[in-house]
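Fold and contact review
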Amino acid sequence: MQYIHDHFNYWIVIVLMMTGFYMVIAHKNMIKKIVGLNIFQVSVFVFYISMGKIEGGTAPILADGIDVYSNPLPHVLILTAIVVGVATTALGLALTVRINDSFGSIEEDVIEAAENAEDDKTSALRAGNRK
Amino acid sequence: MAITAFGLVYLSSLFAVAMLSGIFSLSAASLYLVMDAVDVAFTEAAVGAGISTVLMLGTLALTTRREKTSKDNKALPLVIVSATGALLIYATLDMPPYGDPAAPINHHVAVRYIEKSGIEVGPPNIVTSVLASYRGYDTLGEVTVIFTAAIGVMALMGRSRKPRRKQKKDRA
Amino acid sequence: MLSRKSVLRVVSKLLIPPILLFALYVQFHGDFGPGGGFQAGVIFASAFILYSLIFGAHAARLAAPSWLTRWMLSCGVLLYAGVGVATMLMGGDFLDYSVLASNPLLGQHIGISLIEFGVGTTVAGAMITIFLIFDGSILNRRDE
């Protein structure tokens, strides 16, 4: 029982991480891939924060009469990572919008098919020019 | 929280996915709060539940609302994911238990930050003093990343603003 | 038009000033409680996003024109790096705030406030810019 309590946080992290991973590799829709990456990201955040937690500790704000604080270092790293994460997510979504403008779809296989068709066309043109 | 995450996998309506990811962030924020990370919970609640949901909805308005249901075989990804997960769980057997003050992460610089930051830097909030003073370089880098991401979004999508202005003039 | 959304309009008008005030409180009270530049920037931007959702992107552009958000974006980073260069010129290391005043603790306080302000400005500028660009291209799409 004690063992389960001690390692439960890692299992939560792994379940979340694998959910995100599955979304990234199994789905062809780009928005779902980005959401999957976000879940993966959150799982890493939870991992850091849970490692910094100390039993009986409080939030790392200095006050009289408190001796045990949780580790502030992971908090700092994750705090900045969250804001950077949303900025990069915005960049990914912007890329998705541009891809949708160019190809009319955000499904990976449709885009691949369109790109292949275009490649065939250009190579056929080139072959024709050579003749 | 894990249930919300599973829901995200199965829903094909992207609108519901955007809403559910907001709920997911909010539950992540409360989880951080339980683990003493007040600053982080604050940020996640403001960013994840607010801004990124709005951005996601904006993207949906610009693209499509439904995911195309594919008939692909989902077995292979599932196998890969389970194998990776099993390996990772095997790796946790050696990890220090949750909340252990003797874990390696709580030893090197963290002790110094907690003991000395009040004397050396001043602010009672240790997170602020580490963020701004001890790790000032890191934060400068992060701010630069945000700056660059915003420039990137401007470069990718900002172009479409000029025609609108023209149209407005035409209408006037 | 006005009557249809009047509840939303009135409530958001009531809410936006406290949100902005709260953002400033989070910005400058970050030393003592949870908070700081990152959170303050996001909260500040969310007030603008609320305004723009209720009153439309054109009204939001009047409140925060694109040149202003772009300047906010770059000035924040410049302020941050500028503090670093200033500490170097005053004889310390890069971003060593102790030399900013005669008393090292006071110097640290000034330095942290300045760079947190830089962080807040950049984050708010970035979020408002990104949102208004998305909003602008949605409007564009609708016009077509």
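Let us now look at the overall build of chain B. Within chain B, the secondary structure is distributed over eight helices and zero strands. When the 172 residues of chain B are sorted by exposure, 45% land in the buried category. Within chain B, residue pairs in contact and separated by at least 24 positions form 43% of the contacts whose partners lie at least 6 positions apart. In the structure as shown, chain B presents an accessible area of about 8600 Å², 67% of it carried by carbon and sulfur atoms.

Residue-level contacts link 81 residues of chain B with 74 residues of chain A. Roughly 7100 Å² is buried in total at the junction of chain B and chain A, and carbon and sulfur atoms are behind 76% of that figure. If you look at where chain B meets chain A, you find one salt bridge. We note a salt bridge from Asp-36 of chain B to Lys-53 of chain A, for which the minimum N-O separation is 3.0 Å. For the interface between chain B and chain A, the tally reads six residue pairs in polar contact (both at pLDDT 80 or more).

This part is about the environment of Ala-46 of chain B. Mapped onto the fold, Ala-46 of chain B is located in helix 3 (residues 38-62). Taking relative accessible area as the criterion, Ala-46 of chain B reaches 18% and is therefore assigned buried. As a C-alpha pair, Ala-46 of chain B and Val-34 of chain B span twelve residues in sequence and 17 Å in three-dimensional space. Excluding anything up to four places from it in sequence, Ala-46 of chain B contacts Ile-51 of chain B together with Val-42 and Ile-43 of chain C.

As a further point, take the packing of helix 4 (residues 66-89) of chain C against helix 5 (residues 104-143) of chain C. All names here are of chain C. Running from N to C, helix 4 and helix 5 cross one another at 155 degrees; their axes reach a closest spacing of 7 Å. Relative to helix 5, the element helix 4 is oriented roughly antiparallel. Regarding helix 4 and helix 5, the two cross each other, and that crossing is left-handed. Judged by residue contacts, Thr-69, Met-72, Leu-73, Gly-76, Val-77, Leu-79, Tyr-80 and Val-83 of helix 4 engage Leu-114, Ile-115, Phe-117, Gly-118, Val-119, Thr-121, Thr-122, Ala-124, Gly-125, Ala-126, Ile-128 and Thr-129 from helix 5.

What follows concerns the interface of chain C and chain B. Often the size quoted for an interface is simply the accessible area lost on bringing the parts together. Taken together, the contact between chain C and chain B spans 48 residues of the former and 47 residues of the latter. Summing both sides of the interface, chain C and chain B together bury roughly 4300 Å²; the carbon and sulfur share of this comes to 74%. It is Phe-38, Ile-133 and Phe-134 of chain C that lose the most area in chain C upon contact with chain B, and together they represent 14% of the buried surface on that side. Across the chain C-chain B interface, the total number found is zero salt bridges. The interface formed by chain C and chain B includes four residue pairs in polar contact (both at pLDDT 80 or more).

Another point: helix 3 (residues 72-103) of chain A. Residues and elements named next belong to chain A. Compared with an ideal rise of 1.5 Å per residue, which puts 32 residues at 46 Å, helix 3 spans 46 Å between its outermost C-alpha atoms and is within 8% of the ideal. Its side-chain oxygen at 3.2 Å from the backbone nitrogen of Leu-73, Asn-71 defines the N-terminal cap of helix 3. Two residues or fewer past helix 3, Gly-104 is found with a positive phi of approximately 75 degrees.

This part takes up the nonpolar core. One finds Tyr-32, Val-40, Ile-51 and Ile-146 of chain B together with Phe-38, Val-123 and Phe-134 of chain C to be the most contacted residues of the largest nonpolar core, which totals 98 residues. Setting aside anything within four residues of it in sequence, one finds Phe-134 of chain C in contact with Ala-90, Leu-93, Ala-94 and Val-97 of chain A together with Leu-55, Gly-58, Thr-59, Leu-62, Val-153 and Met-157 of chain B.

The next thing to look at is the packing of helix 3 of chain B against helix 2 (residues 37-55) of chain C. The relative placement of two packed helices comes down to the angle between their axes together with the axis-to-axis distance. Two elements in contact, helix 3 of chain B and helix 2 of chain C, have axes separated by 10 Å at closest approach and are oriented at 30 degrees. What the angle tells us is that helix 3 of chain B and helix 2 of chain C run roughly parallel. Classified by chirality, the crossing of helix 2 of chain C by helix 3 of chain B is left-handed. Between helix 3 of chain B and helix 2 of chain C, the residues in contact are Asp-39, Phe-42, Thr-43, Ala-46, Val-47, Ile-51 and Val-54 of chain B and Gln-39, Val-42, Ile-43, Ala-45 and Ile-49 of chain C, respectively. Taken together, the residues that form the contact of helix 3 of chain B with helix 2 of chain C break down as nine nonpolar, two polar and one charged.

Turning to the pattern of salt bridges, a few remarks are in order. According to the stated counting rule, one finds two salt bridges over all chains in the structure shown. The closest approach of N and O atoms between Asp-138 of chain B and Arg-135 of chain B, which form a salt bridge, is 2.9 Å.

The topology assignment puts Thr-69 of chain C in helix 4. When neighbours within four sequence positions are excluded, Thr-69 of chain C is seen to be in contact with Arg-61, Ala-64, Gly-125, Ile-128 and Thr-129 of chain C.

Attention now moves to helix 4 (residues 75-92) of chain B. For the α-helix, the turn length of 3.6 residues means that residues three or four positions removed from each other point alike. Look at helix 4 of chain B: 26 Å from first C-alpha to last across 18 residues, which is about the 26 Å you get at 1.5 Å a residue. Of the positions making up helix 4 of chain B, those classed as buried are Pro-77, Val-81, Gly-85 and Thr-92 of chain B. Mapping the buried residues of helix 4 of chain B onto a view down its axis gives an arc of 60 degrees, with all of them on the same face. The exposed set on the far side of helix 4 of chain B, more than 90 degrees from its buried face, consists of Leu-76, Val-79, Leu-87 and Tyr-90 of chain B. Among the structural elements, helix 1 (2-26) of chain A are those in contact with the buried residues of helix 4 of chain B.

Let's shift gears to the side chain of Thr-80 of chain A. Here Thr-80 of chain A shows up in helix 3. By relative accessible area, which is 3% here, Thr-80 of chain A ends up buried. From its side chain, Thr-80 of chain A meets the backbone oxygen of Leu-77 of chain A in a polar contact 2.9 Å long. For Thr-80 of chain A, the contacting residues outside a window of four places in its chain are Leu-131 and Glu-142 of chain B together with Phe-38 of chain C.

Cut-offs used in this document
- Residues numbered from 1 in each chain as written.
- Chains lettered and ligands numbered in written order.
- Predicted model: local features only at pLDDT ≥ 70, side-chain atom pairs only at ≥ 80, totals over all residues.
- Heavy atoms only, no water.
- Helix = DSSP H or I, 4+ residues; strand = E, 2+ residues; numbered from the N terminus.
- Buried < 20%, exposed > 50% of the residue type's maximum accessible area, 1.4 Å probe, protein only.
- Contact = heavy atoms within 4.5 Å.
- Areas by Shrake-Rupley, 256 points an atom, 1.4 Å probe, with all protein chains shown as cover.
- Buried area = accessible area lost by both parts, 1.4 Å probe.
- Salt bridge = Lys/Arg side-chain N within 4 Å of Asp/Glu carboxyl O.
- Polar contact = N/O pair within 3.5 Å; in protein donor to acceptor, adjacent residues only side chain to side chain.
- Axes fitted to C-alpha atoms, helices over the stretch in contact; angles between N-to-C directions.
- Parallel < 35°, antiparallel > 145°, perpendicular 65-115°, else oblique.
- Left-handed = near helix turned anticlockwise from the far one by under 90°.
- Expected span 1.5 Å × (residues − 1).
- Core = buried A, V, L, I, M, F, W, Y, C linked by side-chain atoms within 4.5 Å.
- Nonpolar A, V, L, I, M, F, W, Y, C, P; charged D, E, K, R; others polar.
- Arc of directions from axis to C-beta.

Take it as geometry only, folks, not as evidence of what the structure does.
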